[in-house]
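Residue-level structure breakdown
In case you want the letters, here they are:
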2 protein chains.
Amino acid sequence: MSDSRAVMAALDELRGALAPERVVVDRDKLDDYGRDESDLGVHPPEVLVLAETAEEVKRVFAVATRHRLPVVPIGARSGKSGGTLALAGGIALSLERMSRILEIRPEDLTARVQPGVITGVFQQEVEKHGLFYPPDPNSADVCSMGGNVAENAGGPRALKYGVTREYVLGLEVVLPTGEILRVGRQTIKGVAGYDLTALLVGSEGTLGVVTEITVKLLPRPRHVSTALVVFKSVEDAARAISRVLASGVIPRCLELLDDVALQACAKSAPFKFPADAGAAVMVEADGNDEEGVFAEIVRIAELVQADAAGEVIVAQNEAQRRDIWETRKYLSVNLRGLHPLKLSEDIAVPRSRIPEMVRKTREIGAKHGFLVATYGHAGDGNLHANVLFDREDERPRVERAVGEVLRAAVDMGGTITGEHGVGLAKRDYLEYEQGKALVALQRRLKALFDPLGILNPGKIFPPE
Amino acid sequence: MSDSRAVMAALDELRGALAPERVVVDRDKLDDYGRDESDLGVHPPEVLVLAETAEEVKRVFAVATRHRLPVVPIGARSGKSGGTLALAGGIALSLERMSRILEIRPEDLTARVQPGVITGVFQQEVEKHGLFYPPDPNSADVCSMGGNVAENAGGPRALKYGVTREYVLGLEVVLPTGEILRVGRQTIKGVAGYDLTALLVGSEGTLGVVTEITVKLLPRPRHVSTALVVFKSVEDAARAISRVLASGVIPRCLELLDDVALQACAKSAPFKFPADAGAAVMVEADGNDEEGVFAEIVRIAELVQADAAGEVIVAQNEAQRRDIWETRKYLSVNLRGLHPLKLSEDIAVPRSRIPEMVRKTREIGAKHGFLVATYGHAGDGNLHANVLFDREDERPRVERAVGEVLRAAVDMGGTITGEHGVGLAKRDYLEYEQGKALVALQRRLKALFDPLGILNPGKIFPPE
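Residues numbered from 1 in each chain as written. Chains lettered and ligands numbered in written order. Predicted model: local features only at pLDDT ≥ 70, side-chain atom pairs only at ≥ 80, totals over all residues. Heavy atoms only, no water.

Bringing the packing of aromatic side chains into the picture now. Describing an aromatic ring pair means giving the distance of the ring centres and the angle of the ring planes. Following the criterion strictly, the structure yields 10 aromatic pairs over all chains and no others. Aromatic ring contacts, followed pair by pair, group Phe-122, Tyr-133 and Tyr-167 of chain A into a single cluster. It is Lys-216 of chain B that lies over the ring of Tyr-167 of chain B; its NZ or CZ is 5.6 Å from the centre. Just above the ring of Tyr-432 of chain B sits the side chain of Arg-407 of chain B; from NZ or CZ to the centre is 4.8 Å. (Phe/Tyr/Trp six-rings, centres within 6.5 Å; stacked < 30°, edge-to-face > 60°. Lys NZ or Arg CZ within 6 Å of the ring centre and 35° of its normal.)

What follows concerns the interface of chain A and chain B. The interface of chain A with chain B comprises 79 residues on the first partner and 79 residues on the second. Carbon and sulfur atoms make up 60% of the surface buried where chain A meets chain B, a total of about 6200 Å² over both sides. If you look at where chain A meets chain B, you find eight salt bridges. Taken together, the connections running from chain A to chain B amount to 25 residue pairs in polar contact (both at pLDDT 80 or more). Secondary-structure elements contributing two or more residues to the side of chain A that touches chain B are strand S9 (180-184), helix H7 (196-200), strand S11 (218-219), helix H10 (290-305), helix H15 (430-434) and helix H16 (436-449) of chain A. When residues in the side of chain A that touches chain B are grouped by element, the largest group, nine residues, is from H16 of chain A. The class makeup of the residues in the side of chain A that touches chain B is 33 nonpolar, 26 polar and 20 charged. (Contact = heavy atoms within 4.5 Å. Buried area = accessible area lost by both parts, 1.4 Å probe. Salt bridge = Lys/Arg side-chain N within 4 Å of Asp/Glu carboxyl O. Polar contact = N/O pair within 3.5 Å; in protein donor to acceptor, adjacent residues only side chain to side chain. Helix = DSSP H or I, 4+ residues; strand = E, 2+ residues; numbered from the N terminus. Nonpolar A, V, L, I, M, F, W, Y, C, P; charged D, E, K, R; others polar.)

Residue and element names in this part refer to chain A. Each domain of chain A was delimited in the assignment, giving domain 1 (4-97), domain 2 (101-219), domain 3 (223-332) and domain 4 (339-420). When each unit is reduced to the centre of its C-alpha atoms, the spacing between domain 3 and domain 4 is 22 Å. Taken together, the contacts link 16 residues of domain 3 with 19 residues of domain 4. Of the roughly 1400 Å² buried at the junction of domain 3 and domain 4 (both faces included), carbon and sulfur atoms supply 60%. Taken together, the links from domain 3 to domain 4 amount to three salt bridges. Linking Arg-362 and Asp-259 is a salt bridge whose minimum nitrogen-to-oxygen distance equals 2.6 Å. At the junction of domain 3 and domain 4, the tally comes to eight residue pairs in polar contact (both at pLDDT 80 or more). (Domains from an automatic or database assignment.)

We now examine the pattern of salt bridges. What the rule picks out here adds up to 94 salt bridges over all chains. Asp-195 of chain B is paired through a salt bridge with Arg-165 of chain A; the nearest N and O atoms lie 2.4 Å apart. On the criterion of chain membership, the pair formed by Asp-195 of chain B in the loop between strand S9 (180-184) and helix H7 (196-200) and Arg-165 of chain A in the loop between helix H6 (158-161) and strand S8 (168-174) is interchain, its members lying in two chains. For Arg-112 of chain B, the salt bridge is made with Glu-212 of chain B, and the minimal N-O distance between the two is 3.0 Å. Separated by 100 residues along the polypeptide, Arg-112 of chain B in strand S6 (residues 110-113) and Glu-212 of chain B in strand S10 (residues 209-216) bring together distant segments of the chain. Put simply, Glu-103, Arg-105, Glu-107, Asp-108, Arg-112, Glu-172, Arg-182 and Glu-212 of chain A are held in one network by salt bridges that share partners.

Attention shifts here to the sheet that holds strand S13 (residues 253-258) of chain A. Two strands in a sheet stick together by hydrogen bonds in their backbones, pointing the same way (parallel) or opposite ways (antiparallel). Residue and element names in this part refer to chain A. Overall, antiparallel pairing links the seven strands, which are arranged S15-S12-S14-S13-S17-S18-S16 in an open sheet. What marks the edges here is a single partner per strand, and that holds for strand S15 (313-314) and strand S16 (341-348). Inspection of the sheet shows strand S17 (residues 371-377) paired to strand S18 (residues 382-389) by seven bridges, in the antiparallel sense. Across the sheet, Tyr-375 pairs through a bridge with His-384, a residue of S18. This element, helix H11 (residues 318-329), spans strand S12 (223-231), S13, strand S14 (279-287), S15, S17 and S18 of the sheet and lies at about 55° to S12. (Pairing = 2+ DSSP bridges. Axes fitted to C-alpha atoms, helices over the stretch in contact; angles between N-to-C directions.)

All names here are of chain B. The buried fraction of strand S13 (residues 253-258) amounts to six of the six residues, a majority that puts the element mostly inside the structure. Residue alternation in S13 divides its side chains into two sets, Cys-253, Glu-255 and Leu-257 and Leu-254, Leu-256 and Asp-258, and both sets are buried. Where S13 meets strand S14 (residues 279-287), six bridges bridge the pair, whose relative direction is antiparallel. Bridging across to S14, Glu-255 finds its partner in Met-282. (Buried < 20%, exposed > 50% of the residue type's maximum accessible area, 1.4 Å probe, protein only.)

All names here are of chain B. Residues Val-71 and Pro-73 point to one face of strand S3 (residues 71-74) and Val-72 and Ile-74 to the other, with burial holding for every one of them. The sheet contact formed by S3 and strand S4 (residues 91-94) spans four bridges and is parallel. Bridge pairing links Val-71 to Ile-91 in S4.

This part covers the environment of Pro-340 of chain B. Tracing the backbone shows Pro-340 of chain B in the loop between helix H12 (331-334) and strand S16 (341-348). Put simply, Pro-340 of chain B and Leu-207 of chain B are 133 residues apart on the chain and 36 Å apart in space, counted from C-alpha to C-alpha.

With that out of the way, let us pick up the packing of helix H1 (residues 4-17) of chain A against helix H3 (residues 54-67) of chain A. The packing of two helices is summarised by the inter-axis angle and the distance between the axes. Residue and element names in this part refer to chain A. For the pair H1 and H3, the least separation of the axes is 10 Å and the interaxial angle reads 160°. Classified by the interaxial angle, the pair formed by H1 and H3 is roughly antiparallel. Here H1 runs over H3; the crossing is right-handed. Contact with H1, carried on its side by Ala-6, Ala-9, Ala-10, Glu-13, Leu-14 and Ala-17, involves Arg-59, Val-60, Val-63, Arg-66 and His-67 of H3 and no other residues of that element. (Parallel < 35°, antiparallel > 145°, perpendicular 65-115°, else oblique. Left-handed = near helix turned anticlockwise from the far one by under 90°.)

Counting residues in hydrophobic clusters, the biggest one holds 190 residues, and the most contacted among them are Phe-122 and Leu-256 of chain A together with Phe-122 and Leu-256 of chain B. Look past the residues within four positions of Phe-122 of chain A in its chain and what remains in contact with it is Ile-101, Ala-111, Val-113, Val-117, Tyr-133, Met-145, Val-215 and Leu-217 of chain A. (Core = buried A, V, L, I, M, F, W, Y, C linked by side-chain atoms within 4.5 Å.)

With that settled, the discussion passes to the sheet that holds strand S1 (residues 23-24) of chain B. All names here are of chain B. The four strands lie next to each other as S1-S2-S4-S3, forming an open sheet whose pairing is mixed. Every other strand in the sheet has two partners, leaving S1 and S3 as the edge strands with one partner each. Here S1 pairs with strand S2 (residues 47-50) via two bridges, running antiparallel. Residue pairing across strands places Val-24 opposite Leu-48, the latter belonging to S2. In this fold helix H1 (residues 4-17) packs onto S1, S2 and S4, with an angle of close to 15° to the strand it touches most, S2. Where helix H3 (residues 54-67) meets the sheet, its contacts fall on S2, S3 and S4, and the angle it forms with S4 comes to roughly 175°.

Written as structure tokens, this is what we have:
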């Protein structure tokens, strides 16, 4: 924790720099802001500030610099890798009040938003204009655009549409040194200078604090069709997925659920799976031409039929579509019905290695005595492997199992994180994936933006 | 130029470090390697080396470091912004011999190539596997994948498919300090650490030398349809383009040609335009479903009909399709039929400002007494404005006109370069677009990768 005199002095200055009611020291509040969805415990800050402008963010950095206090930027606290946990105390800087959609420009297919805008709210707003913001993290109802930028969030639709990075054209960012910069552009194309926008997207709140985001939009596809296919085994499902992709069809989503995931669904999901189902795949296609979309789903159905254990179920209306997605959406919660605790990973492997990776994950789980539920965005090789357990005292063993899963993913040419970020959760495995020299270069890059090391210390990189 | 004793000493060492026949000092050869497609004159290096491995590139940097000689990486010399001109002499490092396609993985939809692979050759190779590499710079027949990565190359299909950056998953790169690093990933998704891949793409050969590229591929769309529409004026054409985009249709290309461009086409292009044509738009749609693609072209035809000056001409076969594209492809060359010299720019503006920008460009040209031909990727706001002139002594005046065009683009919320890069051509305008603080940050970033400033000096940033 930070020096308490430094904190007291900083507190006074923060109250002068922002409205006093936006400088919070209430214990319960601090605890709330010391948690996220990573299941990595509570790491409360010593002060919470709720900034409303880039200028205020700059003032917070000035105070933090004077007193050498850490600053941890916070979005909606829905992160999965511990990126907003205040490991060393200090100042939590929440952007939640910067929640205005500043501009939607249908004629340019762009929009400008503040970082605290909830992603799902933004999606609904642009849809009113016939537009479409494709990134759809599972937490879209609660997560924020700023958090999505920090983590380079993905989601099921990334298969066809790509991740957050593909949609961010420009940013306003406040550097720890107090500079307020506008990087990137307002145009669809542009290559002037280094792509600092792409560098900042996915930098997990360690290089600067984003205070405005310009994104590219697409026209909203007029038709969507969703289907569900059940398989006897994950191997069958993986083979079917490969066949679809190899056929030249890229649907907008191809989501895999393994047998353990299906057991969890059985507890409460609206959708009832056959008792002997070993895996399921959710497919979604979209487009402007209703018949074309239907034709795509039919073609996919034909392609998977040889491996499937039953009929392809195509949602006939919006309610059925919602049922299918709710099954997927609440999977993470429903898994707790099988075992109260879980540690979730989000490895990605080359698509051809999916069956092998799923098998390997189970083997590692079994070796350590745990059930593993695997589901995720199989179409792009991004799998969420969840090690399920019952008691906190099992956690060290669970962590060893997870470590083996991460290393196995890297050994198959994959990555330790497909979309959740490194944060605190996986910092000890970054060097295994990238090597010492590359991590050292990134540390130097971090020091260029943050020479005093006050911004979100302890994240991404292992302690030296 | 560099100290001649340093060059002599370096030459000896280079001959020892690479095969002697790949260290070239022949005057004519050096002059050849001192030119590109930027029309910015001849800036020959003092030595040309033809590297064949990353290890050799590392050795070249070691020699350059010992003697403080500039190293300028060279691809296919087809750049438009002077990025490969050896402004300060030194060593030109050609990657043209590293021209192997290392791997095409249909099951993973990825490929690995060396930087010297010609983009068009790569496209043809992946198509044999039913795959598709979308970036299509106009120079695809001659430009190289490494050059495309350095410049973040675009092309007409960027409208639907995005630019090079969207397809590069990982790189092997040699830093000026001699480190050989692998950045990025082999998987479709991945967010481990900072996105150094995206930082290196478009860094115009100033941060490191790329020696291997892993790209993402798509399934090849089974059907393509191309159409040509003639308009009375650029305003009519721009309005039609806006209407298409606003309707929710994003074809794969939407290319604009203004009246001057059409006059140039009339000289030799296979396609004959009506004499009173004030503008033309080329449209291309693609997809897997033949009827869906046809329906898209029909829908676009309906949308543009109100503004068009005649019928929408849809190519009926591959030969007609080729004719339409040849018209576009040789435009740059054909413009010389109107006036022997030209200075070409590639500004981008928000799509809604296209008509205004085209008008403004003509006004600026007229004010300085020059004809301006504007064409380009209007669908994404990227316009190639060509100031045409007759004599070298007019160049200073042409440059003033171009400067005004660049500033006008920035003033409309646009950028000085949509896809050609800053290089030498536009380094004096970077601060106008980005401001001093952002340029200063990028200079520090450059120094982090290249502490001695030996890699491609004088590019992107204005001389201090």
